[in-house]
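Summary of the model geometry
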Amino acid sequence: MRNGRARMAQRRTATIKDVAAAAGVGIATVSRVFSGTGSVSAATRERVRAAARELDYRPSALGRGLKLRRSGGIGLIVPDVTDPFRAELVAGVLACARSLGEHVIVDAAHGDPAREAEIVERLVGQRVDGVIAVPAGAEADWRAAARVCSSVVFADRVLPEFPEIPAVLADDAGGVRSLTEYLAGLGHRRIGFLGGAPGAPAGVRERAFRDTLAQLGVPVEEDLVVAARPARDAAYAAAAGLLQRRTDVTAILAAGHLLGEAAVLVARELDLRVPADVSIAMVDDVAWAELCDPPLTAVARSGHDIGYRACELLLREPARRGRGEPVLLPTELVVRGSCGPLRAARR
């Protein structure tokens, strides 16, 4: 019987009282060491941690959360976790959070501002330490969220209504500029632009396209600029309408990988040769771009780097929050076989 009690005592999980007794300090001192609050000398901190290691003591995240009235961790809101670029962004956030010992609560708003507002309200109610979001709209009370959480950081998109919220973005304007200059350099003058619905980052990309053509002395034909909702059916309809309506178009610049996919599909269905009849290039160098026949020229934006940097900004750089311009990460033009020099107009 005595041996059974001894075995039960050995199995018993160590408590904060056990650590305090082993280290020869008070319970409050142990609490300060593991919460990171208050003043504790380096020698005492090491003694407490050594006692905790010896006893295999693990602080209770639930208990700490109840005391601080926070659940801990960070919230991450994206439009869609199945989108390849967004999946890279999620992976970047997770990698950074893991390296810093944080956990992440992920949810998808599917481009619905009302749904996004519900997610934000739920995360605020859970008292997470911060939120990273690819925002869908201004319906969510982002200012209230930033007051309750330690911070909010936008990734890959900003909302003009909330200029004080820090953001990490790709240099979309620079990427579209380099792609437009490349197509114009091949001799193309009738360049179709497949863009997204109005708003950032779609607005940034369209402005860069228009400004670059103007700087090159190439007139912008409004009939060649088409906008589509961020959905496959809408992207397909926009690409089909453009290529069927304007048989004189010699190049397509798609402002996103869904639009690029639609342009490739429509060209194939119309028996257009790429790049002999029409050159096609797009923003976002997703995995399938290199598998096309011919492989697709694209502007590479690192979703992983955007997510990782946004998480770093949220957790490690409080001094930068709410100050200055968004953090801009570079893009790269990846030239492949889908673009060629201007030839005679297709039939």
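**Considerations on the overall build of the protein**
Check the secondary structure of the protein and you find 13 helices and 12 strands. When the 347 residues of the protein are sorted by exposure, 45% land in the buried category. Of the contacts made within the protein by residues no fewer than 6 positions apart, 66% connect residues no fewer than 24 positions apart. When the accessible area of the protein is evaluated, it comes to approximately 17,500 Å², of which 52% is carbon and sulfur surface.

**Here we look at the sheet that holds strand E7 (residues 225-228)**
Reading across the sheet, the 6 strands line up as E7-E6-E8-E9-E10-E12 and stay open at both edges, with mixed pairing between neighbours. The strands lining the two open edges of the sheet, one partner per strand, are E7 and strand E12 (332-334). With strand direction ignored, the average angle separating the axes of adjacent strands in the sheet is 15°. By the bridge criterion, 4 bridges tie strand E6 (residues 191-196) to strand E8 (residues 251-254) in an arrangement that is parallel. Note that in E8 the partner of Gly 192 across the bridge is Ile 252. Contacts between helix H10 (residues 202-215) and the sheet are confined to E6, E7, E8 and strand E9 (279-283), with E6 contributing the most and set at about 160° to the helix.

**Section: the pairing of strand E1 (residues 74-78)**
Along E1, 5 of the 5 residues are buried, which leaves the element largely enclosed by surrounding structure. With burial as the criterion, each face of E1 is covered, one bearing Ile 74, Leu 76 and Val 78 and the other bearing Gly 75 and Ile 77. As paired strands, E1 and strand E2 (residues 104-108) are joined by 5 bridges and run parallel to one another. Bridge pairing in E2 links Ile 77 to Asp 107.

**Regarding the sheet that holds E2**
If you trace the 6 strands from one edge of the open sheet to the other, you get E2-E1-E3-E4-E5-E11, paired in parallel fashion. Lying at the two open borders of the sheet, with one neighbouring strand each, are E2 and strand E11 (327-329). Strand-to-strand, the axes of this sheet are offset by a mean angle of 15°, without reference to chain direction. Two strands pair when backbone bridges link them, and strand E3 (residues 130-133) and strand E4 (residues 152-155) are joined in this way by 3 bridges, in the parallel orientation.

**Observations concerning the pairing of E9**
In terms of residue burial, E9 counts as a mostly covered element, since 5 of its 5 residues are buried. Because side chains alternate across E9, one face comprises the buried residues Ser 279, Ala 281 and Val 283, and the other comprises Ile 280 and Met 282, equally buried. Between E8 and its parallel partner E9, the chain crosses via helix H12 (residues 257-269), and the hand of that crossover is right-handed.

**Observations concerning helix H7 (residues 113-125)**
When the terminal C-alpha atoms of H7 are compared, their 18 Å separation across 13 residues agrees well with the 18 Å that a helix rising 1.5 Å per residue should span. All buried positions along H7 are accounted for by Glu 116, Ile 119, Val 120, Leu 123 and Val 124. Buried residues along H7 cover an arc of 135° about the axis, so they all sit on one side. Summarising the geometry of H7, the exposed residues directed more than 90 degrees from the buried face are Glu 118, Glu 121 and Gly 125. Its side-chain oxygen 3.0 Å from the backbone nitrogen of Ala 114, Asp 112 forms the N-cap of H7. Taken from the residues just after H7, Arg 127 is the one with a positive phi, measuring 55°.

**Examining the side chain of Arg 205**
Of note, Arg 205 is situated in helix H10. Apart from the residues within four sequence positions on either side, Arg 205 is in contact with Asp 172, Val 176, Phe 193, Ala 255, Gly 256, Val 283 and Arg 301.

Scoring rules and cut-offs
- Residues numbered from 1 in each chain as written.
- Predicted model: local features only at pLDDT ≥ 70, side-chain atom pairs only at ≥ 80, totals over all residues.
- Heavy atoms only, no water.
- Helix = DSSP H or I, 4+ residues; strand = E, 2+ residues; numbered from the N terminus.
- Buried < 20%, exposed > 50% of the residue type's maximum accessible area, 1.4 Å probe, protein only.
- Contact = heavy atoms within 4.5 Å.
- Areas by Shrake-Rupley, 256 points an atom, 1.4 Å probe, with all protein chains shown as cover.
- Pairing = 2+ DSSP bridges.
- Axes fitted to C-alpha atoms, helices over the stretch in contact; angles between N-to-C directions.
- Right-handed = clockwise from strand over helix to strand, strands pointing away.
- Expected span 1.5 Å × (residues − 1).
- Arc of directions from axis to C-beta.
- Polar contact = N/O pair within 3.5 Å; in protein donor to acceptor, adjacent residues only side chain to side chain.

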